[in-house]
Amino acid sequence: MQKSLSHVRAEGLRVVRGDRVVLDGVDVTVSARSRLAVVGPNGSGKTTLLHVLAGLTEPDQGQVHRSGSIGVAGQALPADGGETVGTLVAEAIRPAVLALLEFDAALRVVEAEPERYAAALELATRLDAWDAERRVDVALEALDACTDRDRPLATLSVGQRYRVRLACVLGSPADLLLLDEPTNHLDAGGLAFLTERLRQHPGGVLIVTHDRALLRDVAEEFLDLDATPDGRPRLHAGGYSGWQDGRRREQERWQQEYDAQVAEHQRLAGAVEEARGRLSTGWRPDKGVERHKRQSRAPGIVQALKRRQDALAAHRITLPAPPRPLRTYGNDTRAGVALLDAYGITVAGRLGTPVGLRLAGGDRLLVTGPNGAGKSTLLAVLAGTLAATTGGVRLLSGARAGYLAQEVYPPAARMSPGQHRRRHLEDVLAGRPDVLILDEPTNHLSATLVDELTEALRTTSAAVVVATHDRQMLSDLAGWPVLKM
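This one's a predicted model, so the numbers in the text were calculated from it and none came from an experiment.

Peer 1: So what's going on with the nonpolar core? Residues and values would help.
Peer 2: The biggest cluster of nonpolar side chains holds 48 residues, and the ones touching the most others in it are Val-164, Leu-166, Leu-179 and Leu-198. In contact with Leu-179, other than residues within four places in its own chain, are Leu-50, Ala-73, Leu-166, Val-169, Leu-170, Leu-194, Leu-198, Leu-206, Ile-207 and Val-208. Core analysis: the next-biggest nonpolar cluster, separate from the first, contains 26 residues, Val-337, Leu-339, Val-381 and Ala-405 among them.

Below, the structure written as structure tokens:
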């Protein structure tokens, strides 16, 4: 089968979990030339859609048509069945191995069955079957994944298992790649390899990711599962900027139309109240006017009230309320005013090298370094939620500190981690802190919300301290002073 014919096409997908509609009215095609990103807030159905397209989950309604081979890298990889690294490698290269076996068999009967030989050669060439295992080995090395074929998956960490699975998928001859949060657990080298591999893949690619750098570097189309006026997903072309521009235009139209409907409803409600007021008092003529004149005017006022009541009852607000942007609030922090003084901070077993710093209104600080370097420890001490072993922190000028920790707190009922993270962030911002301390603020937030947060961080008059591994945020904040841990 030619790669140009490979595709996954879904029509009218609907998936329900309990009393919650996860997906509804989804139409999408992943073709051999696709570079498609599925985006949206946590809980919008991105992973569910990927599973449906891959055939791992059946939809409650709709159809899925598949042609060609599919490589899937999900977020979870069970390891309780005795599988090894070699098990995954063998699964990945199986089509190539079978193609070579058929080629060898066809070669032995080439004179008697030339058509069989030609077909076998075409398939083995298309799969680049002779190089299949080397491609997987290259991917394993590039992603810093375990290369020991005999190593049981159960002995690997979650991140290590994911890297092995991702390497096998990237090294496989699959026509279509469906990848769920592929940047998880990757270092800078692994991220660079993933990006280039997806760019060069000769078939189609669908990615589910919050990584804005990967979205900018790879995706050409965006299927946005966020809320829309009619409840249906939107497909945007033109890369990352095309998605953002299209989304912004629709959000503006939605807000304008919703505001107009609400304003009209309020106008009609006000007209009813006005007519009701005239019925009780406003229609009464001045003292001395004859009684029959008052009586003759009453029916007209009653009829006017009835007409306005009918108009109000007939009016409908047909649009749902648009999703609101991130609530960033404002503050009155004065530029240059001393706010925080930290001196000689160490924390036993977690932060060995003493750290000191001073912050004033409008200051910016980007804290960088590898995992385990003590970034989160330092931020927790600055925020006053962790005691230092040596040194200390003083808030000056009556300053207020606001702190967004890296950890995800247990979600409230029916709230996704992303929804909980957003609420926590907005609660921090609502305190209008003079010193804003953010530890991995992009975790679990949609790309749109992170863009809104980044813009707020650029313009706030508060002092801001950010620790992040997010590549796009590091790029966006590249002009900030840096504390390397």
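We are not done yet, so read on.
Peer 1: Describe the pairing of strand β2 (residues 20-31), and please don't skip the residues or the numbers.
Peer 2: Relative to β2, strand β1 (residues 7-17) is paired through nine bridges, and the arrangement is antiparallel. Its bridge partner being in β2, Arg-9 is matched across the sheet by Thr-29. Where β1 folds back on β2, the antiparallel hairpin that results is connected by two residues, among which Gly-18 adopts a positive phi of roughly 65°.

Peer 1: Break down the side chain of Thr-368 for me, citing the residues and quoting the values.
Peer 2: Following the sequence through the fold, Thr-368 ends up in strand β12 (residues 364-368). On the basis of relative accessibility, which here comes to 17%, the residue Thr-368 falls in the buried class.

Peer 1: Could you give me a rundown of the sheet that holds strand β13 (residues 390-395), with the residues and numbers involved?
Peer 2: The pairing of strands in a sheet happens through backbone hydrogen bonds and is either parallel or antiparallel. The three strands lie next to each other as β11-β10-β13, forming an open sheet whose pairing is antiparallel. The open sheet has two edge strands with one neighbour each: β11 (351-360) and β13. For this sheet the average axis-to-axis angle between neighbouring strands, irrespective of direction, equals 10°. Pairing of strand β10 (residues 338-347) with β13, which is carried by five bridges, proceeds in the antiparallel orientation. Looking at β13, one finds that Asp-341 is bridged to Arg-394. Across the sheet, helix α10 (residues 375-383) lies against β10, β11 and β13, angled at about 130° from β10, the strand it touches most.

Peer 1: I'd like to hear about the environment of Ala-321, residue by residue, with values.
Peer 2: Here Ala-321 lies in the loop between α9 (291-314) and β10. Remark: the alpha-carbon pair of Ala-321 and Leu-53, spanning 268 residues in sequence, is separated by 30 Å. Among all residues touching Ala-321, those that are not within four sequence positions of it are Trp-254 and Tyr-258.

Peer 1: Account for helix α2 (residues 85-108), naming residues and giving values.
Peer 2: Here α2 spans 34 Å end to end across 24 residues, near enough to the 34 Å set by a 1.5 Å rise per residue. At Ile-93, α2 shows its strongest bend, of approximately 55°, with the proline Pro-95 following within four residues. Among the residues of α2, those classed as buried are Val-85, Gly-86, Leu-88, Val-89, Ala-92, Ile-93, Ala-96, Ala-99, Phe-103, Ala-105 and Ala-106. If you follow the buried residues of α2, they end up packed against α3 (114-126), α4 (132-142) and α5 (158-171). The distance from a side-chain oxygen at the start of α2 to the backbone nitrogen of Gly-86 is 3.2 Å, and the residue carrying that oxygen is Thr-84.

Peer 1: Kindly report on the environment of Leu-170, identifying the contributing residues and their values.
Peer 2: Relative to the elements of secondary structure, Leu-170 occurs in helix α5. Residues contacting Leu-170, with those up to four places away along its chain left out, are Leu-143, Leu-177, Leu-179, Phe-193, Leu-194, Arg-197 and Leu-198.

Peer 1: With reference to specific residues and values, describe α10.
Peer 2: Across the nine residues that make up α10, a large majority, eight, are buried. Along α10, the residues that are buried comprise Lys-375, Thr-377, Leu-378, Leu-379, Ala-380, Val-381, Leu-382 and Ala-383. Note on α10: the residue one or two positions beyond its end, Gly-384, has a positive phi of about 85°.

Peer 1: Report on unusual backbone geometry, specifying residues and quantitative values.
Peer 2: The backbone of Glu-440 shows a phi angle near 45°, a positive value even though the residue is not glycine. The topology assignment puts Glu-440 in the loop between β15 (435-439) and α12 (447-459). With a relative accessible area of 6%, Glu-440 lands in the buried category. Phi is positive for His-444, which is not a glycine, with a value near 70°. Positionally, His-444 belongs in the loop between β15 and α12. Classification of His-444 as partly exposed rests on a relative accessible area of 31%.

Peer 1: Talk me through the sheet that holds β15; I want residue IDs and the actual numbers.
Peer 2: Here we have five strands laid out as an open sheet, ordered β14-β15-β16-β12-β17, and parallel in their pairing. With one partner strand each, in any of the chains shown, β14 (401-404) and β17 (482-484) form the two edges of the open sheet. Taken over all neighbouring pairs, the strand axes of this sheet differ in orientation by 15° on average, direction set aside. In the sheet, β14 pairs with β15 via four bridges, with the strands oriented parallel. In the sheet register, Gly-402 faces β15, and the bridge partner there is Leu-436. Contacts from α10 reach β12, β14, β15, β16 (463-467) and β17, with the element oriented near 150° to β15.

Peer 1: Could you give an account of the state of the cysteines, naming the residues involved and the relevant values?
Peer 2: Overall, the coordinates contain zero disulfides when judged by the stated rule. Between Cys-146, a cysteine without a disulfide, and Cys-168, which holds the nearest cysteine sulfur, the sulfur-to-sulfur distance is 11 Å. Using a relative accessible area of 3% as the deciding quantity, one classes Cys-168 as buried.

Peer 1: Kindly report on the side chain of Arg-422, identifying the contributing residues and their values.
Peer 2: One can find Arg-422 in helix α11 (residues 417-430). Reaching out from Arg-422, the side chain makes a polar contact with the backbone oxygen of Arg-324 at a distance of 2.8 Å. For Arg-422, the residues in contact, after removing those within four places along its chain, are Arg-324, Pro-325, Leu-326, Leu-445 and Leu-449.

Peer 1: With reference to specific residues and values, describe the environment of Asp-224.
Peer 2: Here Asp-224 is to be found in strand β8 (residues 221-224). Here Asp-224 falls in the buried class, since its relative accessible area comes to 5%. The spatial distance from the C-alpha of Asp-224 to the C-alpha of Leu-438 is 27 Å, given a sequence separation of 214 residues. A polar contact of 2.9 Å, which involves the side chain of Asp-224, links it to the side chain of Arg-247.

Calculation criteria
- Residues numbered from 1 in each chain as written.
- Predicted model: local features only at pLDDT ≥ 70, side-chain atom pairs only at ≥ 80, totals over all residues.
- Heavy atoms only, no water.
- Core = buried A, V, L, I, M, F, W, Y, C linked by side-chain atoms within 4.5 Å.
- Buried < 20%, exposed > 50% of the residue type's maximum accessible area, 1.4 Å probe, protein only.
- Contact = heavy atoms within 4.5 Å.
- Pairing = 2+ DSSP bridges.
- Helix = DSSP H or I, 4+ residues; strand = E, 2+ residues; numbered from the N terminus.
- Axes fitted to C-alpha atoms, helices over the stretch in contact; angles between N-to-C directions.
- Expected span 1.5 Å × (residues − 1).
- Bend = angle between axes of the 7 residues up to and from the residue.
- Polar contact = N/O pair within 3.5 Å; in protein donor to acceptor, adjacent residues only side chain to side chain.
- Disulfide = S-S within 2.5 Å.

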